[in-house]
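The lines below spell out each chain.
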Amino acid sequence: MNPGFMGYCRNRMFEWVMTLAMLGIALEIAVWPSSIASGSFRLLLVVISPAELALFFGTFGLLRIAALIANGSWPEHGPRMRAMGAGAAALMWGQMCIALMLLTPDLGGVPSAGIPVYFSLTVGELISAYRAISDARPG
């Protein structure tokens, strides 16, 4: 990576990786909308269509990249933008975790191995939001 770009990544690698995951999911759903309907997250379609889901992931992914870059060049509002991005991501990963939990009865009572993964992502995003908002405090 370019050394100038490293300033945007320092202590924020989790946020960057989760942003790339968001954009990857958006791309996959945009190319293969049926991937949601045929997968474990099909219960999300009760609330949102595949096109809207791809738009949500893509929009929040791009906004989050802007927030991560703004954090370094806009010290007053950048951390707040990062905190909002992490909060929105926590909500998203949490809903995916709940979708997997709700699928458990359909799987004969055996929970998905993805439940602890998405729960951990949710907690990680909440920690990122806390760290970001802590950065925004004066002094």
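The preceding data block contains the structure.
Below you will find a few notes about this structure. Just so it is clear, the structure is predicted and the values come from calculations on it, not from any experiment. (Residues numbered from 1 in each chain as written. Predicted model: local features only at pLDDT ≥ 70, side-chain atom pairs only at ≥ 80, totals over all residues. Heavy atoms only, no water.)

This next bit is on the overall build of the protein. From N to C terminus, the protein includes six helices and zero strands. Counted from the first residue to the last, the protein has its helices and strands arranged as α-α-α-α-α-α. Classification of the 139 residues of the protein by burial places 40% in the buried group. Put simply, 69% of the contacts in the protein that link residues at least 6 apart link residues at least 24 apart. (Helix = DSSP H or I, 4+ residues; strand = E, 2+ residues; numbered from the N terminus. Buried < 20%, exposed > 50% of the residue type's maximum accessible area, 1.4 Å probe, protein only. Contact = heavy atoms within 4.5 Å.)

Enumeration over the complete set of coordinates arrives at two salt bridges. For Glu 125, the salt bridge identified is with Arg 64, shortest N-O distance 2.6 Å. Highlighted residues: Glu 125 in helix H6 (residues 114-136) and Arg 64 in helix H4 (residues 50-73), separated in sequence by 61 residues. Residue Glu 125 is classed as buried on the basis of its relative accessible area, which comes to 0%. (Salt bridge = Lys/Arg side-chain N within 4 Å of Asp/Glu carboxyl O.)

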